[in-house]
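Chain and residue survey
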Amino acid sequence: MADSREDFKAAAVHALADAALQKALLNVKRGFVVKREAAKAKLPEFDALREEARDVKDHTLAHLDLYLEAYERKVNESGGQVHYAPGAVDARAIVLRLCQQAGAKLVTKGKSMVSEEIGLNAELQASGIEVVETDLGEYIVQLRGERPSHIVAPVIHLNKESIERDFRRTHQRLPRQRRLDQAEHLVAEARQILREKFLAADVGITGANFLIAETGSSVIVTNEGNGDLTATLPRTHIVVASIEKVVPTLEDASTLLRLLARSATGQEITTYTTFTTGPRRNGDPDGPVAYHVVLLDNGRSEMLGNEFADMLRCIRCGACLNHCPVYGAIGGHAYGSVYPGPMGAVLTPQLQGIDRARDLPNASSFCGRCEAVCPMDIPLPDMMRAWRERDFARGNPAFNERLALRLWAFAARRPRLYHALSRAVARFLARRAGARGSLSRFPFLKAWTGTHDLPAPQGRTFHALYARARRGKSR
Amino acid sequence: MTSTPASPQGLHVGLFVTCLVDLFRPSVAFAAIKLIEAGGARVEVPRAQTCCGQPAYNCGDRKNAIALVRQVVETFERFDYVVAPSGSCAGMLRLHYPRLLADDPNFAERAASLAAKSFELTSFLVDVLGLLKVDAAFAGAVTYHDSCSSLRELHVREAPRRLLTSVDGLSLIELGDSEACCGFGGAFSVKYPEISAAILDAKLRDIAGTGAATVLSGDLGCLLHIAGRLARAREAVEVRHVAEVLAGMTDGPGIAAPRQSG
Ligand code: SF4
């Protein structure tokens, strides 16, 4: 379902010209970058914590089969059931079957990127089940028929006014004259509508930030408390999570949670951190009667053994998106995937295939800020380069690009030839520029001169000048 | 970083000119030579050099990248130090060479030892030669753009600032967000020109906000990108490589500035 928008470039150009989007994207910096910096500054051991977290995840991934087994055992002991899904199709089918077995007419959902990844909503709806997203951002995205544009803040691309329009359009039975011009009004209205859904839902589906092998618990963090209601009110709770979410112990989860909140939103701790373990026990006042976990692979076990293994440490904090100049310029939708930004540039080609997603790892200036802020120390630029290498090895880049590279490399490996060519190019460009300092047009460099002038060379190459100066000296 | 040797006298430095400096702005390499010599070391420029291999490496052409990397190792391994007036090329030598040649029994160690003695110019001057001030004058306010590779690959931040503040008459005004990329990214600027330009425009607004008449950086790639768009917009901000200012070689026009008549 997460089909790549084939033409990334066209989508990017479109996004750059979208004034409302551009205005909304300014909030990324204000809302996330500044707050993360402040939260990190208040935690002197941040870097030590980062190393610890990396080691926890690396250890877990090295023994993933064992931890998954341990987790499954604990889930079973607590009365729940684990279902393995090799791919998106399998995961959708399992969840649909579980919903049908529960006789579900209405399903509420907490925020779950994995369910976005597998395109779960469409599948359930096609079978006549009503699906309601309960995270405010996801709810709005659902009303609009869009996908989230950010993994933490699904509607970062929208402003209040457009959300107000969406509410008026879709909440037709509410009074026309009501006020909706403040964020509080919007939140209150969504609450009012969602409250009925929470109570009426037959199945609640949540994602998981972590799965804990030691206890068989799944952990979600939210700022709205919607996840709790989704998990505890319906008779059936289904957790949909990917296999790399497992960590060995509660202690490990708490290490990761400390990094997650600070890196994602600059909070010390997210407002709600909810642990769910199995269905309601005898004597429990609430909780579901049935508890299922659908564990999705979808390419992860392949990544364990290839050059993208480090990516499996990702805790989906979104810091790499927030600090990415490309994401900041074009927003999330242009990426054509539920995972945008640097983390998406690495994950999406694995999920969709490099042929369909080849622009994503290419559209990076390799500025390295993503890697610098990643709380899990994931070498994102190196992995984007690894995708470029795979792409190149398959003969993918455009013929022109390959030819240019080949000619350039041929010359660069022959210094005498290279110097002769450089001398000619420098002289030619300098002559064409004349007294002007730059060229506004140049046949072979249209891609550059479309947006900037080409600065003129000084006229002679360094090596030519240097050789002449040395000859002068030795005479 | 390597500790300061007792005496830089006699240190033999190979200058890695960089392909962009060679082609576009030889004055930067002459400025670099002047500065390294002022720090007491001896500079040699091997003729068998072309490019550090980044264009191939970053386009995924590993085979050609490795061929070039070997060539650079062979050419430069005989020096005590290798210095480039570019954070991006120095970062390539320091961080990426050892990884590219890690599986090559004939080259792995040689690449690692080359990496350990390769430096970006300003950091070499300050951290290795112990140069704390330069003998140069420049009237006016400048701002400094850290290239991403200098900043995040090599952690060079203080060195250029320290030297710049020793320039007579110069005042340094920091950018609002000195960690932000200018959007150059080599081939990225040609493959995705609109995105690249949008990122650059944020940087240009930041530059304009400082009120400085001159913008400096240690990487000619960023500078060509910045100067090219300023020229297109007919903005009068002067663009120069930091080495030119530190060496007091600012008589000629800035990057993309028209040649003065007469
Ligand atoms: S790659 Fe790192 S920064 Fe990006 S979402 Fe994952 S953990 Fe966060």
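To keep things clear, this report deals only with the structure shown in the data block. (Residues numbered from 1 in each chain as written. Chains lettered and ligands numbered in written order. Predicted model: local features only at pLDDT ≥ 70, side-chain atom pairs only at ≥ 80, totals over all residues. Heavy atoms only, no water.)

1. Regarding the overall build of chain B
In terms of helices and strands, chain B carries 13 helices and 8 strands. Here the C-alpha radius of gyration of chain B, 18 Å, is about what a compact globule of 262 residues would show, namely 18 Å. Put simply, chain B has 262 residues, and 63% of those count as buried. Nonlocal contacts in chain B, meaning residues at least 24 apart in sequence, comprise 76% of its contacts between residues at least 6 apart. About 9500 Å² of surface is accessible on chain B, with carbon and sulfur atoms providing 51% of the total. Taken as two groups, the 25 positive and 28 negative side-chain charges of chain B have centres that lie 3 Å from each other. (Helix = DSSP H or I, 4+ residues; strand = E, 2+ residues; numbered from the N terminus. Rg over C-alpha atoms; globule rule 2.2 N^0.38 Å. Buried < 20%, exposed > 50% of the residue type's maximum accessible area, 1.4 Å probe, protein only. Contact = heavy atoms within 4.5 Å. Areas by Shrake-Rupley, 256 points an atom, 1.4 Å probe, with all protein chains shown as cover. Lys, Arg positive; Asp, Glu negative; His and termini not counted. Charge placed at Lys NZ, Arg CZ, Asp CG, Glu CD.)

2. Notes on the side chain of Thr-75 of chain B
Residues and elements named next belong to chain B. For Thr-75, the location among the structural elements is in helix H4 (residues 62-76). Under the relative-accessibility criterion, Thr-75 is labelled buried at 13%. Of the polar contacts made by the side chain of Thr-75, one reaches the backbone oxygen of Gln-71; its length is 2.7 Å. Excluding anything up to four places from it in sequence, Thr-75 contacts Pro-46 and Ala-48. (Polar contact = N/O pair within 3.5 Å; in protein donor to acceptor, adjacent residues only side chain to side chain.)

3. Considering the environment of Ala-91 of chain A
Looking at the secondary structure, you find Ala-91 of chain A in helix H5 (residues 88-101). The spatial distance from the C-alpha of Ala-91 of chain A to the C-alpha of Ser-115 of chain A is 9.0 Å, given a sequence separation of 24 residues.

4. Observations regarding the sheet that holds strand E5 (residues 210-212) of chain A
Backbone-to-backbone hydrogen bonds join strands into a sheet, with any given pair of strands oriented parallel or antiparallel. Residues and elements named next belong to chain A. The strand order E8-E5-E6-E9 describes an open sheet built from 4 strands, whose pairing is mixed. Looking at which strands have only one partner, the edges of the open sheet turn out to be strand E8 (246-247) and strand E9 (272-276). In terms of strand pairing, E5 meets strand E6 (residues 217-222) through 3 bridges, oriented antiparallel. For Ile-212, the partnering residue across the bridge sits in E6 and is Ser-217. (Pairing = 2+ DSSP bridges.)

5. Re the sheet that holds strand E8 (residues 238-241) of chain B
Residue and element names in this part refer to chain B. Spatial ordering of the open sheet is given by E6-E5-E7-E8, a layout of 4 strands whose pairing is parallel. The open sheet has two edge strands, strand E6 (168-172) and E8, and neither has a second partner. On average, adjacent strands in this sheet sit at an angle of 35° to one another, irrespective of strand direction. Pairing analysis gives 4 bridges linking strand E5 (residues 137-145) to strand E7 (residues 214-217), with the strands arranged parallel. Bridge pairing links Val-142 to Thr-214 in E7. Contacting E5, E7 and E8, helix H12 (residues 220-232) runs over the sheet at an angle of about 170° to E8. (Axes fitted to C-alpha atoms, helices over the stretch in contact; angles between N-to-C directions.)

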